[in-house]
Amino acid sequence: MALLFLCLQQGIEVGCAHVNYHHRPEADEEEAYLRSFCNEHAIPFYVREEPFVYQGNFEAAAREWRYSFFARIVKEHGYQGVLIAHQQDDLIETYLMQEERNLVPEFYGLKEEMMYQGMLVERPLLSYTKEELRRICEEHGIRYYLDSTNESEEYARNRIRKEVAPMDPFARNMVLQEIRSKNAVLQERRCRVGTMIHDHSVSLSSYRKMEEEDRLTLLRMTIDPEKKLSLANLKQLDQIMRKHDDFLQKAGTRLLAEKDGRFFAMEKPRPYAETAGNLQELKSLSGRWFRVVPGEPGVNAVTLSERDFPVTIRNAQPGDEIRMRFGTKKVNRFFIDRRISKCERLIWPILENREGRVILVPGLGCDAEHYTAEPQVNVIKYFIIDGRLTDES
């Protein structure tokens, strides 16, 4: 209400977006008052009041619920962005929670300006204390409501909030200075280590020469830009990266992978299988991880007969083997002998005939029965290099 009043006082044209979670007895009364206030001052009023259903953490889910609503209103009605009424107490509370949880965040405290789903978010009241804003409302007869859930011990923030409220000006200034100092260090480190990222990947040998804080910052910038991994997760990954050269580790919803001495993040590939009923269909077959081209002699070439069809190109699986001229070869043994990275083994294509027999492994060759000097097709595998796809050639 203080933010809305200050906008009116300064002649800033705004709309008012309100979310009613229906989780408190006074929620409907608050919405009714806000609606009447906006009508009285000719302020467009938008409300989200459908039932709020969530899983997991209430505060995180509620934040996503309201910010996605704000983004929709901004887009639909052509607003420049959204103003949020976070104030100095909120900033300090957020910082103390970060410290208590031993987090290394993107930013300590709260940013004055940020982007969310392409929407500009500004917090113009971070220099005001909560008490100062309360006095503004009372001096100008602006009615406000107190959130009854702020007294609940269910939320850790409420406990910290009770520590922040009685802080004297000296203690506040000390904490604010500490926040500014930490953000300056964080920004300097991020700029410095960020120069090591090339094409979304980083040299593993250079990474290992860095100090731990620099390594963890670089690791997060490379594989976790959305800040979803905990510090403990990052330290576990860091330990693996310092001890192993070829790794493939889960990192949140993605994979941390290494190839040719560089590490990067990649989406976990899904198993695939593309089928062709005849030679013409095979020649036009392509997928995310491979393509079929006219035949030339080499380790990607194969010639087929009618009895082979339908054929399938799929990703290699444990237990796959192929009968070569010199004997049966396990596909996994080929990967090991050629030092194929673990991330590429997930997507490496093989060609099998209608009997389910592997008759071609690109890079190794076709089996003895399908070899000729004038092959019909080549199956070209896409490699992952620096986190991107490129042709085998």
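Everything below is about the structure printed above this text.
Small disclaimer: the values here were computed from a predicted structure and weren't measured. (Residues numbered from 1 in each chain as written. Predicted model: local features only at pLDDT ≥ 70, side-chain atom pairs only at ≥ 80, totals over all residues. Heavy atoms only, no water.)

Sorry, what's going on with the overall build of the protein chain here?
Each helix and strand in the protein chain was counted, giving 13 helices and 20 strands. In terms of C-alpha radius of gyration, the protein chain reaches 30 Å, well past the compact-globule figure of 21 Å for 393 residues. Taken along its principal axes, the extent of the C-alpha atoms in the protein chain is 90 × 45 × 35 Å. Counting all 393 residues of the protein chain, 44% fall into the buried class. Sequence-distant contacts in the protein chain: of pairs separated by 6 or more residues, those separated by 24 or more amount to 66%. (Helix = DSSP H or I, 4+ residues; strand = E, 2+ residues; numbered from the N terminus. Rg over C-alpha atoms; globule rule 2.2 N^0.38 Å. Buried < 20%, exposed > 50% of the residue type's maximum accessible area, 1.4 Å probe, protein only. Contact = heavy atoms within 4.5 Å.)

Looking at this model, I keep getting lost on helix H2 (residues 27–40). Mind explaining?
With 14 residues, H2 should reach 20 Å at 1.5 Å per residue; the first-to-last C-alpha distance of 20 Å fits that figure. Those residues of H2 not exposed but buried are Ala 27, Glu 30, Glu 31, Tyr 33, Leu 34, Phe 37 and Cys 38. Projected down its long axis, H2 carries its buried residues within an arc of 165°, all on one side. For H2, the exposed residues set more than 90 degrees away from the buried face come down to Asn 39 and Glu 40. Against the buried residues of H2 lie helix H1 (2–9), strand E1 (16–19) and strand E2 (45–48). Note on H2: the residue one or two positions beyond its end, Ala 42, has a positive phi of about 55°. (Expected span 1.5 Å × (residues − 1). Arc of directions from axis to C-beta.)

Looking at this model, I keep getting lost on the side chain of His 18. Mind explaining?
The topology assignment puts His 18 in strand E1. Apart from the residues lying within four places of it in its own chain, the contact partners of His 18 are Glu 31, Leu 34, Phe 45, Tyr 46, Val 47, Arg 48 and Phe 69.

What exactly am I supposed to notice about the environment of Ile 73 here?
With respect to the helices and strands, Ile 73 occurs in helix H3 (residues 58–77). Linking Ile 73 and Ala 42, residues 31 residues apart in sequence, is a C-alpha distance of 17 Å. Residues in contact with Ile 73, not counting those within four places in the same chain, are Tyr 46, Gly 78 and Tyr 79.

I keep staring at the packing of aromatic side chains and nothing clicks. Help me out?
Given two aromatic rings, one states the distance between the centres and the angle between the planes to describe the pair. Counted by the stated rule, this structure contains 18 aromatic pairs. Ring centres of Tyr 272 and Phe 290 lie 5.9 Å apart, and the angle between their planes is 25°; on these two criteria the pair is classed as stacked. Within this pair, whereas Tyr 272 is found in the loop between strand E9 (262–267) and strand E10 (273–276), its partner Phe 290 is found in strand E11 (residues 290–294), the two being separated by 18 residues in sequence. For Phe 290, a relative accessible area of 1% translates into the label buried. (Phe/Tyr/Trp six-rings, centres within 6.5 Å; stacked < 30°, edge-to-face > 60°.)

Looking at this structure, how should I read the pattern of salt bridges?
A side chain of one charge can pair with a side chain of the opposite charge when the charged atoms of the two come close. This structure, assessed with the given rule, holds 30 salt bridges. In this structure, the salt-bridge partner of Lys 259 is Asp 260, at a minimum N-O distance of 2.6 Å. A salt bridge links Arg 333 to Asp 337; the nearest nitrogen and oxygen atoms lie 3.1 Å apart. Pair noted here: Arg 333 and Asp 337 are both in helix H12 (residues 331–337), with a separation of four residues, about one helical turn. For Arg 333, a relative accessible area of 40% corresponds to the partly exposed category. With a relative accessible area of 44%, Asp 337 lands in the partly exposed category. Where salt bridges share partners, they join Glu 188, Arg 189, Arg 192, Glu 213 and Asp 214 into one cluster. (Salt bridge = Lys/Arg side-chain N within 4 Å of Asp/Glu carboxyl O.)

Looking at this structure, how should I read unusual backbone geometry?
In most cases, non-glycine residues show a negative phi, while peptide bonds are predominantly trans. Cis peptide bonds are those with omega within 30 degrees of zero, and the linkage from Phe 309 to Pro 310 qualifies with 0°. Its place among the elements puts Pro 310 in the loop between strand E12 (301–302) and strand E13 (311–315). For His 22, which is not a glycine, the phi torsion comes out positive at approximately 60°. Summarising the element assignment, His 22 is placed in the loop between E1 and H2. Relative accessible area serves as the criterion here: at 38%, His 22 is assigned to the partly exposed category. Unusually for a residue other than glycine, His 200 sits at a positive phi of about 65°. The class for His 200 is exposed, based on a relative accessible area of 60%.

Help me understand the sheet that holds strand E6 (residues 202–203) in this model?
Each strand in a sheet pairs with its neighbour through backbone hydrogen bonds, running either in the same direction (parallel) or in the opposite one (antiparallel). An order of E6-E9-E8-E7 is seen for the four strands of this open sheet, with the pairing classed as antiparallel. Two strands in the sheet have a free side with no partner beyond their single neighbour: E6 and strand E7 (248–251). Seen against the sheet, helix H9 (residues 212–223) touches E6, E7, strand E8 (254–259) and E9 and runs at an angle of roughly 40° to E9. Its contacts with the sheet put helix H10 (residues 231–243) on E7, E8 and E9, and the angle it makes with E7 is roughly 170°. (Pairing = 2+ DSSP bridges. Axes fitted to C-alpha atoms, helices over the stretch in contact; angles between N-to-C directions.)

How do you make sense of the sheet that holds strand E4 (residues 113–116) when you look at a structure like this?
Read from one edge to the other, the open sheet built from three strands follows the order E3-E5-E4, with strand pairing classed as mixed. Edge positions in the sheet fall to strand E3 (82–83) and E4, since each has one partner strand and no second. Here two bridges tie E3 to strand E5 (residues 119–122), and the two strands are oriented parallel to one another. For Val 82, the partnering residue across the bridge sits in E5 and is Val 121.

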